[in-house]
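Reading the structure
So you can see what is in the structure, the chains are spelled out below.
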Amino acid sequence: MAKIAYTPYLSFTIEEWARLRADEPMTLNREDIEHLRALNDPISLAEAEIVYLPLTRLLSFYVEAIQGIHQASTRFLGHNGAKVPFVIGVAGSVAVGKSTTARILRALLRRWPTSPKVDLITTDGFLYPNKVLEERGLMQRKGFPESYDRSAFVEFLADVKSGKPKVSAPTYSHLVYDIVPKQRTIVESPDILIVEGLNILQPGELPKTGNPIAFASDFIDFSVYIDADEDLLEAWYVERFMKLRQTAFRDPKSFFRRFAELSELTAQSTAKTIWQSINLPNLRENILPTRGRADLILKKGADHSIHEVALRKV
């Protein structure tokens, strides 16, 4: 007898997924997409309509269901609890397009008929300052789990999910490649919070004492993993590096100012070395292993567009 293969996911071609949009109206235009997409992520209005409209329709059902559970709990307890935000996690490798996905989701969700308050935060703010990373010998492992203040990140999410009206997080600058001293990003009573980062689905290590411990993923109501093959990710990283070399790296305040002066061949070689020595090991050791924990996996092809969708069975 042939062995039956079981999978926790339902798989869709992009055509099958697009049909799940039903009659959901498109509320973004071409100019919106141009503004929202990242430097080297050539997403089109058509793709946003095909991929993200069905997703926001699905999310509306999830938000409604979670709200129903909250209402049932408060009825049982006999009191009105604080409003609890719905938290969406967006994970995936460096250069895969997480930022574009997060921004487009925020824009579409904000335009629901109920006009919910939707905030977006990245885990970059929870990286340790460069001074701390240097002291611990972790500058070459920036982006790896140990380079983040994970307890502060979990505390932030716990405060958000407890209904605390005003929560703040450190602010990170990609220009100076460091935490900005005395500057905070404020999250104030959102209906929906989108959290974007490399390792947000990672469970971490369980304490040997058996004492309860919280992980970031415990506070995420719905998670999206942006997936792509390793060779594509490397090509996209190098492409982005070369574009930044002509733009942001030329800013005198840029941490990467020295890369702007490299020859084209040396710059390409440098980008590949960074990918191979830092980003690829982090992908293989820490990021990719969390893919199977996501509620939704969006698989990209060579043209950057989503080719496959996998939705976890409920």
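Sequence order as written defines the numbering, with residues in each chain counted from 1. Given that the model is predicted, a residue must reach a pLDDT of at least 70 before its local features are reported, and side-chain atom pairs must reach 80 or more before they are shown or counted; all residues, however, enter totals for whole chains, interfaces and linings. Hydrogens and water are ignored here; the side-chain numbers use all heavy atoms of the structure.

1. Some details on the overall build of the chain
What the chain contains, in helices and strands, is eight helices and nine strands. Two things to know: the radius of gyration comes from C-alpha atoms, and the globule rule equals 2.2 Å times the number of residues to the power 0.38. At 20 Å, the chain has a C-alpha radius of gyration in line with the 20 Å of a compact globule built from 314 residues. Each principal axis of the C-alpha distribution contributes one length, and for the chain these read about 65 × 55 × 45 Å. For the chain, with 314 residues in total, the buried portion stands at 47%. Taking all contacts inside the chain whose residues are at least 6 apart in sequence as the whole, residues at least 24 apart take part in 71%. Element-wise, carbon and sulfur atoms account for 54% of the exposed surface of the chain, whose accessible area totals about 16500 Å². Comment: elements are numbered from the N terminus, with helices defined as DSSP H or I runs of at least four residues and strands as E runs of at least two. For the exposure calls, accessible area comes from a 1.4 Å probe over protein chains only, and a residue counts as buried if that area is under 20% of its type's maximum, exposed if over 50%, partly exposed in between. In this analysis, two residues are considered to be in contact whenever any of their non-hydrogen atoms come within 4.5 Å of each other. All accessibility values rest on the Shrake-Rupley procedure with a 1.4 Å probe; residue burial counts only the protein chains present in the view.

2. As for the nonpolar core
Residues belong to one nonpolar core when they are buried, are Ala, Val, Leu, Ile, Met, Phe, Trp, Tyr or Cys, and are joined through side-chain atoms within 4.5 Å. Formed by 96 residues in total, the largest nonpolar core has its most connected members in Tyr52, Leu55, Phe156 and Phe222. Ranked by the residues each element gives to this core, the list is headed by helix H3 (residues 45-77), at nine residues. When near neighbours in sequence (up to four residues on either side) are disregarded, Tyr52 contacts Ile43, Glu47, Thr101, Ile104, Leu105, Leu108 and Leu298.

3. Some details on helix H6 (residues 150-161)
With twelve residues, H6 should reach 16 Å at 1.5 Å per residue; the first-to-last C-alpha distance of 16 Å fits that figure. Buried residues of H6: Phe153, Val154, Phe156, Leu157, Val160 and Lys161, and no others. Along the axis of H6, the buried residues cluster in a sector spanning 155°; they form a single face. For H6, exposure combined with an orientation more than 90 degrees from the buried face picks out Ser151 and Glu155. The inward-facing, buried residues of H6 contact strand S2 (86-92), strand S3 (118-122), strand S4 (166-173), strand S5 (178-188) and strand S6 (192-196). Once H6 ends, the next one or two residues include Gly163, with phi positive near 90°. Given a helix with a known number of residues, its expected span is that number minus one, times 1.5 Å. This arc describes the spread of directions from the helix axis toward the C-beta atoms.

4. A short note on the sheet that holds strand S7 (residues 222-227)
Pairs of strands are assigned from DSSP output, requiring at least two bridges between the strands. Read from one edge to the other, the open sheet built from seven strands follows the order S1-S9-S8-S7-S2-S6-S3, with strand pairing classed as mixed. Each edge of the sheet is formed by a strand with only one pairing partner; in this case those strands are strand S1 (9-13) and S3. Put simply, the sheet's adjacent strands are angled 20° from each other on average, direction ignored. Relative to strand S8 (residues 296-300), S7 runs parallel, the two being bridged by four bridges. Paired with Tyr225 across the two strands is Ile297, which belongs to S8. Running over the sheet, H6 touches S2, S3 and S6 and is turned about 165° from S6. Angular values range over 0 to 180 degrees, each being the angle between N-to-C directions of two axes fitted as lines to C-alpha atoms, with helices fitted over their stretch in contact.

5. Overview of the pattern of salt bridges
The rule for a salt bridge is simple: a side-chain nitrogen of Lys or Arg has to be within 4 Å of a carboxyl oxygen of Asp or Glu. Using the criterion set out here, one finds 13 salt bridges in the structure. A salt bridge links Asp227 to Arg291, with the nearest nitrogen and oxygen atoms 2.8 Å apart. Separated by 64 residues along the polypeptide, Asp227 in strand S7 and Arg291 in the loop between helix H8 (264-287) and S8 bring together distant segments of the chain. With relative accessibility at 7%, the residue Asp227 sits in the buried group. Lys243 serves as the salt-bridge partner of Glu239, at 3.5 Å between the closest nitrogen and oxygen. Taken together, the residues Glu239 and Lys243, both in helix H7 (residues 230-246) and four residues apart, mark about one turn of the helix. Residue classification places Glu239 among the partly exposed positions, given a relative accessible area of 30%.

6. Structural notes on the pairing of S4
Regular strands place side chains that alternate from one sheet face to the opposite one. By the bridge criterion, seven bridges tie S4 to S5 in an arrangement that is antiparallel. Within the sheet, the bridge partner assigned to Ser173 lies in S5 and is Asp178. Between S4 and S5, which pair antiparallel in sequence order, lie four residues; one of them, Tyr177, sits at a positive phi of approximately 60°.

7. Regarding the packing of H3 against helix H4 (residues 98-110)
The N-to-C vectors of H3 and H4 enclose an angle of 60°; their axes lie 10 Å apart at closest approach. In this view, H3 runs oblique relative to H4, as classed from their interaxial angle. The handedness of the crossing between H3 and H4 is right-handed. Here H3 contributes Tyr52, Leu53, Leu55, Thr56 and Leu59 to the contact with H4, which in turn contributes Thr101, Ile104, Leu105, Leu108 and Leu109. Residues are sorted three ways: Asp, Glu, Lys and Arg are charged, Ala, Val, Leu, Ile, Met, Phe, Trp, Tyr, Cys and Pro are nonpolar, and all the rest, Gly among them, are polar. In the contact of H3 with H4, the residues fall into eight nonpolar, two polar and no charged. By the definition adopted for this analysis, an angle is roughly parallel if under 35 degrees, roughly antiparallel if over 145, roughly perpendicular if from 65 to 115, and oblique otherwise. Less than a right angle of anticlockwise turn of the near helix away from the far helix marks a crossing as left-handed, whereas a clockwise turn marks it as right-handed.

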